[in-house]
Amino acid sequence: MQLTIGSKITFVYVLLLLFLCIFGVVILLNVLSVNKLFTFVVEHNVVVIANARQLSKLVVDMESGERGFCITQNDEFLEPYEKGVKEFAGLMAEEKKLVRDDPSQLKRLEKIEGLIDEWQTKAAKPEIAMARKVARASESADYLQDVVGKDVGKRILGEMREIMNEMVKSFEIDGNVKGEFLVESIAKAMIDQEAGEKGYLVTGKETFFEAYEAGKKDLELAFKALKDLVGNTHDRIATSEDIDELERLADIWMAQAVKVEIDLESKPKEETETEALEEDLLIIDESKAEMENVVKIEYGKRILNNILKIIDTMEARFASAENENAKILLISIAKSMADQETGQRGYIITGSKEFIESYKKAQKAFKSSITKLRQLNSNAYDIQIMNKDIDTLENLAKEWHNRAASPEMAARRTMNESPETIRDIAYLLKEGTGKKILDQIREEFDKFIKIEQVYIDKRYTEAANAANNTTSMIMILIVLSLMSGGTASFFITRGIVQPITKLKEAAISIGEGNLNQIVGVESNDEIGELALCFDKMAKALADAKIKIEQEKIKLEEQKIELEKANLQLGEMNIRKSAFVANVSHELKSPLTIINGSIDLVRDGVTGSINQDQKEMLDTAKNSTERLIRMVTDLLDVSKIEAGKMDIKREKFDMAELVDEVLVTYEKEISNNGIVLKAHIPKDIGSVWGDRDRLSEVIINLLNNAIKYTSKGGDISVELKGSGDEISVAISDTGPGISKDNLWKIFDKFERIAVGKQEGTGLGLAIAKDIVELHEGKIWVESALGKGSKFIFTVPRDLRRQERA
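Residues numbered from 1 in each chain as written. Predicted model: local features only at pLDDT ≥ 70, side-chain atom pairs only at ≥ 80, totals over all residues. Heavy atoms only, no water.

1. Re the overall build of the protein
For step 1, the next point in the chain: When you go through the protein residue by residue, the secondary structure sums to 23 helices and 7 strands.
For step 2, the next point in the chain: The buried share of the protein, reckoned over its 804 residues, is 44%.
For step 3, the next point in the chain: Taking all contacts inside the protein whose residues are at least 6 apart in sequence as the whole, residues at least 24 apart take part in 78%.
For step 4, the next point in the chain: A total of about 43100 Å² of accessible surface is found on the protein, and carbon and sulfur atoms cover 54% of it. (Helix = DSSP H or I, 4+ residues; strand = E, 2+ residues; numbered from the N terminus. Buried < 20%, exposed > 50% of the residue type's maximum accessible area, 1.4 Å probe, protein only. Contact = heavy atoms within 4.5 Å. Areas by Shrake-Rupley, 256 points an atom, 1.4 Å probe, with all protein chains shown as cover.)

Put into structure tokens, the structure is as follows:
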């Protein structure tokens, strides 16, 4: 069964669209899988690890409070102990809910909970009770009070606590958990030193110097780690600038890329083929705007790449500063941007409004995360003040050692005659039951956190594999699309060109006087109908020639038949022009989609690619862009022939327009080894006309100059203004044009054979029509071997030309 040309093209278009839809759905499912993995890591694993670290810190608080009370018998030390016990129970219940789907981790948390109960039962509560008894032993306490009654150590430790409390608040506001932990470590080290000192004061045994010296060593390490942490603190100003840039790029992306893509996808299609021919010219009117939107979409991809680069820079900065909260917020920002793009792409592929809702939700999440990150950065502690507090703490620790610990321990040596009053509590502290249990607790927390980290690494690996699979599918889609499109185009083109060639040969033969011609094209499409009409015409002419002398009476009838045949041929020509315009328009959308898909893969949005793949994609992109330019030229020619190319009347600066075009092509000219010379006076004045169409004229002339200028040659662009006209001249040092070809240089589909230059031969014809629509003139000055100079002039005020 023979198919018409329209049926063939429709079949190919539906086949390609089916390929795109199938692979689009598969890719979308992979993207959603990657998104789900990242979401689980951020909302589950990261929270679990943070809670585990907070629980470990609460254990330290409980231990420090309990030991401080045992040593000092001061009820103030019981506050962090009691607060830690209360908060530990609530946070442990929340943590168990988070890991309820992991029996091994849940069992480990239950073990830790049991160890905490055991520590309280076997160590904390008995030691606290014993400390209360010791507090009642007043004889030794009165004696010790006489020795250390000046309270120098208490005052110094009080000052240190105040400073450390402020530092902890600063680190809490900044979201730096490690900073809080290091300050708590300094406090614990001071408590350990004080515990060693007080243990000696209580027991009079030299073994307590080990705890004192260990605390002193831990204090030095904690101070060094804290100084390193503050020294690596992230740059507040650079972070603020990066946040502003992230927000600015996101706004640009949403305004200039996302909305454009959604608007393009939402544009209604033609309802019937019978209406397509009538609406075609209107669609052509919008072709220029659509091409500009496509450029904006590609611009949006570059913006997303810039956003990812800024996020990578900030992530490295926060990793160096060990600021976990900031890193979590940064992951949320990256996730929300990925969700926005997923919603946008999902809507383009499926047209479902559910993806729009997903996009809006991700947009709100992005703004919320940006606000939180900006607040976190603005609340960051002052580095100079923090360094000053660290130095003050260090000096106070030395002062405590010199003015309190050393004198008090010296005083205790005088008390060794009567140690019996503190013997029981000293025995409990020496036994170390609580320390053993707490060491087990810390070991279990370390195992718990390591397992959660393994889960995070595993999910990141799964996400990376899913991303790689998506990349492979996109490559398959591109290859299949190109192969299918190329094969279909080849057979359709051959099915059109071969019959037309036969028609041409038959027409030439008839023109030479040989009327016995049969085209011999057997097809049921429009060209077959044309060939059939042509055969009838040729037969009619042959019969007329044989019978012209014998049947002069029938001459008028033969003439009528010939006119009918010519009328049919003309109708076929009109249908052919409409067909070319329709095919050009239908090719434009899939070509644009293919071009955009190539950009996504080439720019690494869907994953990294190697150099060979990039070169193949560059070749495919160049071919696609060349097809888009050819289709656009055909659309413009159809529009001009139909008299439907209207021009806008707006005021603009001609010098600014020429500068914009030259900036766009400056890199291409330089890469081709061509020297660009421009004379663009800034005070040339304004022009009333169609800025975009005149820009197209300049681009066509400039492309023509680049195409025919060899490496080492020159291209000159000169802008002049005289009276009511402005002229633009573009000269090159190419091979030039002979006098025989000058008269047809602006004809449609005419190209002067100089080298193997590609193109449709429509650029100069389109430029001529646009200039003439502006009531202007265009011409060329050239000679062989002396280059070419194209000049066009337009009136400054097209409105005045129309009034005249």
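2. Points about the nonpolar core
Where a protein is soluble and globular, its nonpolar side chains tend to be buried together.
For step 1, the next point in the chain: Counting 41 residues, the largest nonpolar core has Met654, Ile698, Leu701, Leu702, Leu719, Ile730 and Phe792 as the members making the most contacts within it.
For step 2, the next point in the chain: Contributing elements (two or more residues each) for this core: helix H19 (654-671), helix H20 (691-708), strand E4 (714-722), strand E5 (725-732), helix H22 (763-773), strand E6 (777-782) and strand E7 (788-795).
For step 3, the next point in the chain: It is H19 that contributes the most residues to this core, 8 residues altogether.
For step 4, the next point in the chain: In contact with leucine 701, other than residues within four places in its own chain, are Ile730, Leu764, Ile778, Phe790 and Phe792.
For step 5, the next point in the chain: Counting 34 residues, the second-largest nonpolar core is a separate cluster that includes Leu157, Phe171, Ala222 and Leu229. (Core = buried A, V, L, I, M, F, W, Y, C linked by side-chain atoms within 4.5 Å.)

3. Examining the sheet that holds E4
For step 1, the next point in the chain: Taken in spatial order, the 5 strands of this open sheet run E2-E4-E5-E7-E6, and their pairing is mixed. Sheet topology places strand E2 (675-679) and E6 at the edges, where each strand pairs with a single neighbour. In this sheet, neighbouring strand axes are inclined to one another by 15° on average, regardless of whether the strands run parallel or antiparallel.
For step 2, the next point in the chain: One ladder, built from 8 bridges, connects E4 with E5; its direction is antiparallel. In the sheet register, lysine 720 faces E5, and the bridge partner there is serine 727.
For step 3, the next point in the chain: Running over the sheet, H19 touches E2, E4, E5 and E7 and is turned about 175° from E4.
For step 4, the next point in the chain: The strands touched by H20 are E4, E5, E6 and E7; relative to E7, the strand with the most contacts, the crossing angle is about 175°. (Pairing = 2+ DSSP bridges. Axes fitted to C-alpha atoms, helices over the stretch in contact; angles between N-to-C directions.)

4. What about the pairing of E6?
For step 1, the next point in the chain: On E6, burial follows the alternation: Ile778, Val780 and Ser782 on one face are buried, whereas Lys777, Trp779 and Glu781 on the facing-out side are not.
For step 2, the next point in the chain: Pairing analysis gives 6 bridges linking E6 to E7, with the strands arranged antiparallel. Note on E7: the bridge partner recorded for valine 780 is phenylalanine 790.
For step 3, the next point in the chain: In this structure, the hairpin formed by E6 and E7 is closed by a connection of 5 residues, where glycine 785 is found at a positive phi of approximately 80°.

5. Quick look at the environment of alanine 124
For step 1, the next point in the chain: Looking at where alanine 124 falls in the secondary structure, it is placed in helix H3 (residues 103-136).
For step 2, the next point in the chain: The sequence separation of alanine 124 and tyrosine 81 amounts to 43 residues, and the corresponding C-alpha distance is 9.6 Å.
For step 3, the next point in the chain: Among residues more than four places away in sequence, those in contact with alanine 124 are Glu66, Tyr81 and Trp119.

6. Focus: the packing of H20 against H22
For step 1, the next point in the chain: Direction vectors running N to C along H20 and H22 enclose 145°, while the axes themselves pass 9 Å from each other. When you trace H20 past H22, the crossing you get is left-handed. Seen from H20, the contacting residues are Arg693, Leu694, Glu696, Val697, Asn700, Leu701 and Asn704; seen from H22, they are Gly763, Leu764, Ile766, Ala767, Ile770 and Val771.
For step 2, the next point in the chain: Each residue belonging to the contact of H20 with H22 can be placed in one class, and the counts come to 8 nonpolar, 3 polar and 2 charged. (Left-handed = near helix turned anticlockwise from the far one by under 90°. Nonpolar A, V, L, I, M, F, W, Y, C, P; charged D, E, K, R; others polar.)

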